[in-house]
Amino acid sequence: MSAEAEQKMQFLFALRSRGVTDEAVLKAMERIDRGAFVRGVFAERAYEDMPLPIACGQTISQPSVVGLMTQALKISPRDKVLEVGTGSGYQAAILSQLARRVYTVDRHRRLAQSAQAIFTELGLSTIITMTADGSHGLPEQAPFDRILVTAAAEDPPGPLLAQLKIGGIMILPVGQSDTVQTLIRVTRTGETSYDYDELRQVRFVPLLEGLGQD
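Residues numbered from 1 in each chain as written. Predicted model: local features only at pLDDT ≥ 70, side-chain atom pairs only at ≥ 80, totals over all residues. Heavy atoms only, no water.

**Q** Honestly, the pattern of salt bridges in this entry has me stumped. Any pointers?
**A** Here the idea is simple: oppositely charged side chains can pair when their charged atoms come close. Considering all chains together, one arrives at 7 salt bridges under this definition. The partner of Glu48 in a salt bridge is Arg45, and the shortest N-O contact between them spans 3.4 Å. Asp79 serves as the salt-bridge partner of Arg146, at 3.8 Å between the closest nitrogen and oxygen. Placement of the pair is Arg146 in strand E6 (residues 144-149) and Asp79 in the loop between helix H3 (63-73) and strand E3 (80-84), with a sequence separation of 67 residues. With relative accessibility at 6%, the residue Asp79 sits in the buried group. (Salt bridge = Lys/Arg side-chain N within 4 Å of Asp/Glu carboxyl O. Helix = DSSP H or I, 4+ residues; strand = E, 2+ residues; numbered from the N terminus. Buried < 20%, exposed > 50% of the residue type's maximum accessible area, 1.4 Å probe, protein only.)

Laid out in structure tokens, this is it:
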């Protein structure tokens, strides 16, 4: 077995052992090479199950958390998905393997442009990348079947709840930025009703309003 094949096998084994068991999600994570999204000094650690720093003071989430969040979304092939917090682009690339269309927004233009360049390189044409204040969502594209937020808010932002289809699911971390947060699943059950499930403890950068300086 080649070193690359062995590395991929270990990567998938680590995902399974941490609770990522959905076959479609595992296949997506096998197809999308995390190494394409980790550049520079951390490139050799791309296949470890750990978060890594990227530009603009942000991080690329650890693969098992990406897998668990994606699995919790229960995406179907016809879904239109909004991701708030493009970051490296890795999570959006995974989502693109499962959904019909992915809209991803980041407050840092530099991150959005860098991610878009990788999507183009990989031929991921179903992802639309935008620089915007993600806490407001994308009202002009709403409603969304699924929403994924990769930064922690104290509460689920009202605009995002409003942009979720009835029957839709949103996954996001909630809690104070300097403590451990809880990953929750919000299911919209009616015009003004939502169900909330706590999934696990996580740690994410805070969800900030406005645009970044870069």
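**Q** Hey, could you run me through unusual backbone geometry in this one?
**A** Only a minority of non-glycine residues have a phi that is not negative, and only a minority of peptide bonds are not trans. Of the consecutive residues Ala142 and Pro143, the connecting peptide bond is found in the cis state with omega at 5°. One can find Pro143 in the loop between strand E5 (127-131) and E6. Positive phi, close to 55°, is recorded for Lys74, a residue that is not glycine. Counting through the fold element by element, Lys74 comes out in the loop between H3 and E3.

**Q** Hey, could you run me through the nonpolar core in this one?
**A** The nonpolar side chains of a soluble globular protein tend to be buried, and buried together. The biggest cluster of nonpolar side chains holds 43 residues, and the ones touching the most others in it are Phe37, Tyr90, Phe119 and Ile171. Counting only elements with at least two residues in this core, the list comes to helix H1 (3-17), helix H2 (23-31), H3, helix H4 (90-96), helix H5 (109-122) and strand E7 (164-174). Per-element accounting of this core gives the leading share, 6 residues, to H3. For Phe119, the contacting residues outside a window of four places in its chain are Phe37, Gly89, Ala92, Ala93, Thr104, Leu124, Ile127 and Thr129. Grouped together as the second largest cluster of nonpolar side chains are 18 residues, Phe144, Leu160, Leu172 and Tyr194 included. (Core = buried A, V, L, I, M, F, W, Y, C linked by side-chain atoms within 4.5 Å. Contact = heavy atoms within 4.5 Å.)

**Q** Whenever I open this one, the sheet that holds strand E8 (residues 181-188) confuses me. Can you help?
**A** As a general point, the strands of a sheet are linked pairwise by backbone hydrogen bonds and lie either parallel or antiparallel. Reading across the sheet, the 7 strands line up as E5-E4-E3-E6-E7-E8-E9 and stay open at both edges, with mixed pairing between neighbours. Each edge of the open sheet carries a strand with a single partner, namely E5 and strand E9 (194-202). Put simply, the sheet's adjacent strands are angled 15° from each other on average, direction ignored. Looking at chain direction, E8 and E9 are connected through 8 bridges and run antiparallel. Across the sheet, residue Gln181 finds its bridge partner in E9, namely Val202. Strands strand E4 (101-106) and E5 of the sheet are contacted by H5, whose axis makes an angle of about 160° with E5. (Pairing = 2+ DSSP bridges. Axes fitted to C-alpha atoms, helices over the stretch in contact; angles between N-to-C directions.)

**Q** What's the story with the pairing of E8 in this structure? I'm lost.
**A** Looking along a regular strand, one sees side chains alternate from face to face of the sheet. Of all 8 residues in E8, 7 are buried, a share of seventy percent or more. In this structure, E7 lies alongside E8, joined through 6 bridges in antiparallel fashion. Its bridge partner being in E8, Ile171 is matched across the sheet by Arg185. Counting the residues that bridge the hairpin from E8 to E9 gives 5 residues.

**Q** Help me understand H3 in this model?
**A** Counted residue by residue, H3 has 11 buried out of 11 residues, so it is predominantly covered. Residues of H3 that are buried: Pro63, Ser64, Val65, Val66, Gly67, Leu68, Met69, Thr70, Gln71, Ala72 and Leu73. Positive phi appears at Lys74, one or two residues downstream of H3, with a value of about 55°.

**Q** How should the pairing of E4 be read in this particular structure?
**A** Burial of E4 is extensive: 5 of the 6 residues sit out of reach of the surface. The sheet contact formed by E3 and E4 spans 5 bridges and is parallel. From the neighbouring strand, Val81 faces E4, where its bridge partner is Val102. Regarding topology, H4 serves as the crossover connection from E3 to the parallel E4, and that connection is right-handed. Relative to E5, E4 runs parallel, the two sharing 5 bridges. For Val105, the partnering residue across the bridge sits in E5 and is Met130. Handedness of the β-α-β unit built from E4, H5 and E5 comes out right-handed. (Right-handed = clockwise from strand over helix to strand, strands pointing away.)

Nothing here speaks to function; it is all geometry.
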